[in-house]
Number of protein chains: 2
Amino acid sequence: MLGGSATHFALAASFFTEVRMVGPVGEDFGEAELDVLREREIDTTDIERVAGGKTFFWRGHYDYDLNVAHTDETQLNVFAEFDPKLSERSRSSETLFLANIQPELQRRVRAECDGAGFAALDSMNLWIENAREELVAAIGEVDCLVINDAEIRMLTEQPNLARAARAVRELGPSVVVAKQGEYGAALFTGDEFFAIPGYPLEDVLDPTGAGDSFAGGLIGYLDSQGVSSAAEADGPTLRRAMAYGSVMASFNVEDFGTERVRRLSAAEINERLAAFKRITHFEEQPIEVRA
Amino acid sequence: MLGGSATHFALAASFFTEVRMVGPVGEDFGEAELDVLREREIDTTDIERVAGGKTFFWRGHYDYDLNVAHTDETQLNVFAEFDPKLSERSRSSETLFLANIQPELQRRVRAECDGAGFAALDSMNLWIENAREELVAAIGEVDCLVINDAEIRMLTEQPNLARAARAVRELGPSVVVAKQGEYGAALFTGDEFFAIPGYPLEDVLDPTGAGDSFAGGLIGYLDSQGVSSAAEADGPTLRRAMAYGSVMASFNVEDFGTERVRRLSAAEINERLAAFKRITHFEEQPIEVRA
């Protein structure tokens, strides 16, 4: 079914800001698929349909633990030969998200969008294992890394997450976001730490794409607030961005593929944000500690 | 070194309320060990020293992932033959915590403390595997289960935590607390859900006992607030109890054994509580969602 990092990201981000999507698809990616994006007013000008090509394909499964996706098959297909050429509009974007793909491709898009004041990047174990040097270079060219916590540890060879996040910041990004599946997500900057839990759902139908929907809510919200450089991303705005990311991820898992996010209403998004506030809020009340 | 569920629990709880500790020790448990408890004004009347006996002993190790303790050796020793006989003072306690041990022993202590209006229980995989029926009966006799999230799933054979917590509540306890290691902890009652992250420490020396220190902060705080039944444990109080539990767990891991918790000051506890408030807080700010 329709999926992919960029698709999940773009749909989630489209609730907050204008989105332009860049990437190759094959002949199997038809009008029905494009319509899902167009319905959300996503600019598809830079989606390049490769004659005779096949769209990127991923198949995996989940066992008992829905936090761990087991990859059964990855076909790069049209991505293997992709040579990104961005339209003028895309090149002039102020905010850039490099969804999970070969780091070499991420770097080429980053180079074309060199005016983007705030760039973020996602990646995965596959590239840490097979293209570490290129990935480290790509990370050095962005302001924000959004990645699974297990992969932050793997990348930095540092089991302690706080230390691992610091090691990532030493590579370049001033903002590091650790995605933690059902446990939520954590934010590390030079000045602050923030954590938000996952939403407690009794029916998780499909966790695929939740991390990309999270990134879409996060980066889409930041863009909507006019954050056009890491320096402009203040604490309260970053925290709200984490909350909107969590909102979008929580909807993503309620149905298969893109089904749930596509049909979201503004009211649902606002209600879920209020629910996140409720489930994380406590009031301090001074007591006398017996020490 | 000095440890054990009851010891970690009692030390943490002693910062909030009067604590009476019940259990057997061997001849190897000397005045030095008792002094650690007495320094915190813990009532040790019901610590029974068994002539010729050896104290309960646990040895384990941690690999890359500090969330998972690997047990190398468990010796029940004096617990194998323990026949709890509680003093009048202990029997009249309003709040009872049954630290992790054979469920049959937990039930006998529960029966002696039948006046306790709020009873909580911890357990572990060992008893789920070897004494499931007895454990389910013990759980049915308490108001609150405080247990690792992996063990809630194992106990209920339900991979989804929200469903697993509901299944536990159907066994009896109206309050279910899932301990999640470095990811924090989650609270499930009939009416509400609350989650709090772990504290982001760069130096975690020893996670042993963190769960017991968490329970000590949680239950100790509830007792200090005069919560003497599950019905009296309202949302704001339970949330603050979760926060104090998290505070005590976060200190526990900063040093080996009981070293850090023993020497805590009131100021340190209050400062860490404020830090937990900071790292979980975000302000909503209405935006126009594009839907």
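Residues numbered from 1 in each chain as written. Chains lettered and ligands numbered in written order. Predicted model: local features only at pLDDT ≥ 70, side-chain atom pairs only at ≥ 80, totals over all residues. Heavy atoms only, no water.

J.: Honestly, the environment of Asn125 of chain B in this entry has me stumped. Any pointers?
T.: Residue and element names in this part refer to chain B. Tracing the backbone shows Asn125 in helix α5 (residues 125–130). When the C-alpha atoms of Asn125 and Leu155 are compared, they prove to be 8.1 Å apart, with 30 residues separating the residues in sequence. Setting aside residues no more than four positions away along its own chain, Asn125 makes contact with Glu151 and Met154. (Helix = DSSP H or I, 4+ residues; strand = E, 2+ residues; numbered from the N terminus. Contact = heavy atoms within 4.5 Å.)

J.: Would you explain the pairing of strand β2 (residues 43–49) of chain A in this entry?
T.: In summary, the side chains of a regular strand alternate between the two faces of the sheet. Residues and elements named next belong to chain A. Pairing between strand β1 (residues 20–25) and β2: five bridges, direction parallel. Each residue of the ladder has a partner; that of Gly23, found in β2, is Ile47. For the crossover that starts at β1, traverses helix α2 (residues 31–39) and ends in the parallel β2, the hand is right-handed. (Pairing = 2+ DSSP bridges. Right-handed = clockwise from strand over helix to strand, strands pointing away.)

J.: Can you walk me through the packing of helix α1 (residues 5–13) of chain A against helix α9 (residues 210–224) of chain A in this structure?
T.: Packed helix pairs are specified by the crossing angle of their axes together with the interaxial distance, meaning the distance between the axes. Residues and elements named next belong to chain A. One can describe the packing of α1 onto α9 by two numbers: an axis separation of 7 Å at closest approach and a directional angle of 40°. Comparing the axis directions of α1 and α9 gives the class oblique. For the pair α1 and α9, the crossing hand works out as right-handed. Across from Ser5, His8, Phe9, Ala12 and Ala13 in α1, the residues of α9 making contact are Asp212, Ser213, Ala215, Gly216, Gly217, Ile219 and Gly220. (Axes fitted to C-alpha atoms, helices over the stretch in contact; angles between N-to-C directions. Parallel < 35°, antiparallel > 145°, perpendicular 65-115°, else oblique. Left-handed = near helix turned anticlockwise from the far one by under 90°.)

J.: For this particular structure, what's the right way to read the side chain of Arg240 of chain B?
T.: Counting through the fold element by element, Arg240 of chain B comes out in helix α10 (residues 235–252). With no salt bridge to any partner, buried Arg240 of chain B finds its closest opposite charge in Asp234 of chain B, at an N-O distance of 5.8 Å. (Buried < 20%, exposed > 50% of the residue type's maximum accessible area, 1.4 Å probe, protein only. Lys, Arg positive; Asp, Glu negative; His and termini not counted. Salt bridge = Lys/Arg side-chain N within 4 Å of Asp/Glu carboxyl O.)

J.: It is not clear to me how helix α4 (residues 103–112) of chain A should be interpreted in this structure. Could you clarify?
T.: A turn of α-helix holds 3.6 residues, and therefore any two residues three or four places apart point the same way. Those residues of α4 of chain A not exposed but buried are Pro103, Leu105, Gln106, Val109 and Arg110 of chain A. When α4 of chain A is viewed along its axis, its buried side chains cluster within an angular range of 155° and face the same direction. (Arc of directions from axis to C-beta.)

J.: Before we go on, may I ask you to explain the confidence of the model for chain A in this structure?
T.: Caution is warranted with low-pLDDT regions, since their predicted coordinates should not be read in detail. Per-residue pLDDT for chain A has a mean of 95; in total, 100% of the residues score no lower than 70. Confidence metrics for the complex model read pTM 0.96 and ipTM 0.94. (pLDDT = per-residue confidence, 0-100.)

J.: For this particular structure, what's the right way to read the relation of the copies chain B and chain A?
T.: For these two chain copies, the linking operation is a rotation about an axis paired with a shift along it. When chain B is fitted to chain A, the best match, at an RMSD of 0.0 Å, comes from turning it 180° and sliding it 0.0 Å along the axis. Here the transformation between the copies is reduced to the relation of a two-fold axis. (Least-squares fit on C-alpha atoms with pLDDT ≥ 70 in both.)

J.: What is the right way to look at the sheet that holds strand β6 (residues 118–121) of chain A in this model?
T.: Paired through their backbone hydrogen bonds, the strands of a sheet run either parallel or antiparallel. Residues and elements named next belong to chain A. The strand order across the open sheet built from six strands is β5-β6-β7-β8-β9-β10, with neighbouring strands paired in mixed fashion. Looking at the sheet topology across the chains shown, the edges are occupied by β5 (95–98) and β10 (193–196). Between one strand axis and the next, the sheet turns through 15° on average, direction left out of account. Two strands pair when backbone bridges link them, and β5 and β6 are joined in this way by four bridges, in the parallel orientation. Bridge pairing in β6 places Thr95 opposite Phe118.

J.: Help me understand helix α1 (residues 5–13) of chain B, please; the structure alone is not making it clear to me.
T.: Residue and element names in this part refer to chain B. In terms of burial, α1 is a largely internal element, eight of the nine residues being buried. Among the residues making up α1, those that are buried are Ser5, Thr7, His8, Phe9, Ala10, Leu11, Ala12 and Ala13. Buried-residue contacts for α1 involve β1 (20–25), α2 (31–39), β5 (95–98), α9 (210–224), α10 and α11 (259–262).

J.: Help me out: how do you make sense of unusual backbone geometry in this one?
T.: Peptide bonds are mostly trans, and most non-glycine residues show a negative phi. Residues and elements named next belong to chain B. Positive phi outside glycine occurs at Glu41, with the angle close to 55°. Within the secondary structure layout, Glu41 lies in the loop between α2 and β2 (43–49). With a phi angle near 45°, Asn77 is a residue other than glycine that sits in the positive phi range. By secondary structure assignment, the location of Asn77 is in the loop between β4 (69–75) and α3 (88–91). Given the relative accessible area of 26%, Asn77 is considered partly exposed.

J.: Whenever I open this one, the interface of chain B and chain A confuses me. Can you help?
T.: Many authors give the size of an interface as the accessible area that is lost as the parts come together. Listed per partner, the contact involves 60 residues of chain B and 60 residues of chain A. Three residues, Glu202, Phe282 and Arg290 of chain B, lead the burial of chain B against chain A; their summed loss comes to 16% of the area buried on that side. Where chain B meets chain A, there are six salt bridges. Its salt-bridge partner being Glu202 of chain A, residue Arg166 of chain B comes within 2.5 Å of it at the nearest N-O pair. (Buried area = accessible area lost by both parts, 1.4 Å probe.)

J.: I'm lost on the pattern of salt bridges in this one. Help?
T.: Where charged atoms from two side chains of opposite charge approach closely, those side chains can pair. If you walk through the whole model with that rule in mind, you get 55 salt bridges over all chains. A salt bridge links Asp72 of chain A to Arg59 of chain A; the nearest nitrogen and oxygen atoms lie 3.9 Å apart. Note that Asp72 of chain A is positioned in strand β4 (residues 69–75) and Arg59 of chain A in strand β3 (residues 57–62), a separation of 13 residues in sequence. Put simply, Glu39 of chain B and Arg262 of chain B hold a salt bridge, and the shortest N to O gap is 3.6 Å. One end of the pair, Glu39 of chain B, is in helix α2; the other, Arg262 of chain B, is in helix α11, and 223 residues separate them in sequence. Given the relative accessible area of 29%, Arg262 of chain B is considered partly exposed. Salt bridges here are not isolated pairs; linked through shared partners, they connect Glu18, Arg20, Asp43 and Arg89 of chain A.

J.: What exactly am I supposed to notice about the sheet that holds strand β10 (residues 193–196) of chain B here?
T.: Residues and elements named next belong to chain B. Judged by pairing direction, the sheet is mixed, and its six strands sit side by side in the order β5-β6-β7-β8-β9-β10 without closing on themselves. Every interior strand has two partners, whereas the edge strands, β5 and β10, have only one. Going across the sheet, the axis of each strand differs from the next one's by a mean of 15°, ignoring polarity. In this sheet, β10 lies alongside strand β9 (residues 185–188) in antiparallel orientation, the contact comprising four bridges. For Leu187, the partnering residue across the bridge sits in β10 and is Phe194.

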